[in-house]
Amino acid sequence: QLQASGGGLVQAGGSLRLSCAASKIIVSANAVGWYRQAPGKQRELVAAMISGDRTNYADSVKGRFTISRDSAKNTVYLQMDNLKPEDTAVYYCAVGGSILASRPYSWGQGTQVTVSS
């Protein structure tokens, strides 16, 4: 199971850190990712760690978002800086399976991020 938290309302230019605490699955032994879905749009992958510490980012968030994981806490994070109104969406964490194909073993419940202009 994955428990996501950290969403909220922030002004443009601000920062948020999302957390995804895992149980029954080891984040350090699996690919991990963060997706988002804005109203009326398809879910998109914004950040992933597929193997080791190699990271992948959507072009729209490169240089602003950072994905990381803490083995001791079995938690995945998404640090989001310089947020823009277009980052407004529900954010989902995912662990294991095929992250790049949007077929993970497990999905988090989603956390709302709203960026005001």
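Quick note: structure is the one above.
Residues numbered from 1 in each chain as written. Predicted model: local features only at pLDDT ≥ 70, side-chain atom pairs only at ≥ 80, totals over all residues. Heavy atoms only, no water.

Chemist: Can you walk me through the packing of aromatic side chains in this structure?
Modeler: Aromatic ring pairs are defined here through the distance separating the ring centres and the angle between the ring planes. Counted under the stated rule, the structure contains two aromatic pairs. Aromatic pair Tyr 35 and Trp 107: ring centres 4.8 Å apart, planes at 55°, arrangement tilted. Placement of Tyr 35 in strand 4 (residues 32–37) and of Trp 107 in strand 10 (residues 106–107) is noted, with a sequence separation of 72 residues between them. Judged by its relative accessible area of 0%, Tyr 35 falls in the buried class. With 6.5 Å between their ring centres and 85° between their planes, Tyr 92 and Trp 107 make a pair best called edge-to-face. Here Trp 107 lies in strand 10 and Tyr 92 lies in strand 9 (residues 89–95), a separation of 15 residues in the sequence. In this structure Trp 107 comes out as partly exposed when scored by relative accessible area, which is 30%. Clustering of aromatic rings is evident, with ring pairs tying together Tyr 35, Tyr 92 and Trp 107. Over the ring of Tyr 92 we find Arg 43; its NZ or CZ atom is 4.2 Å from the centre of that ring. The lysine or arginine in question, Arg 43, covers the ring of Trp 107, its NZ or CZ lying 4.3 Å from the ring centre. (Phe/Tyr/Trp six-rings, centres within 6.5 Å; stacked < 30°, edge-to-face > 60°. Helix = DSSP H or I, 4+ residues; strand = E, 2+ residues; numbered from the N terminus. Buried < 20%, exposed > 50% of the residue type's maximum accessible area, 1.4 Å probe, protein only. Lys NZ or Arg CZ within 6 Å of the ring centre and 35° of its normal.)

What is shown is where atoms sit, not what they do.
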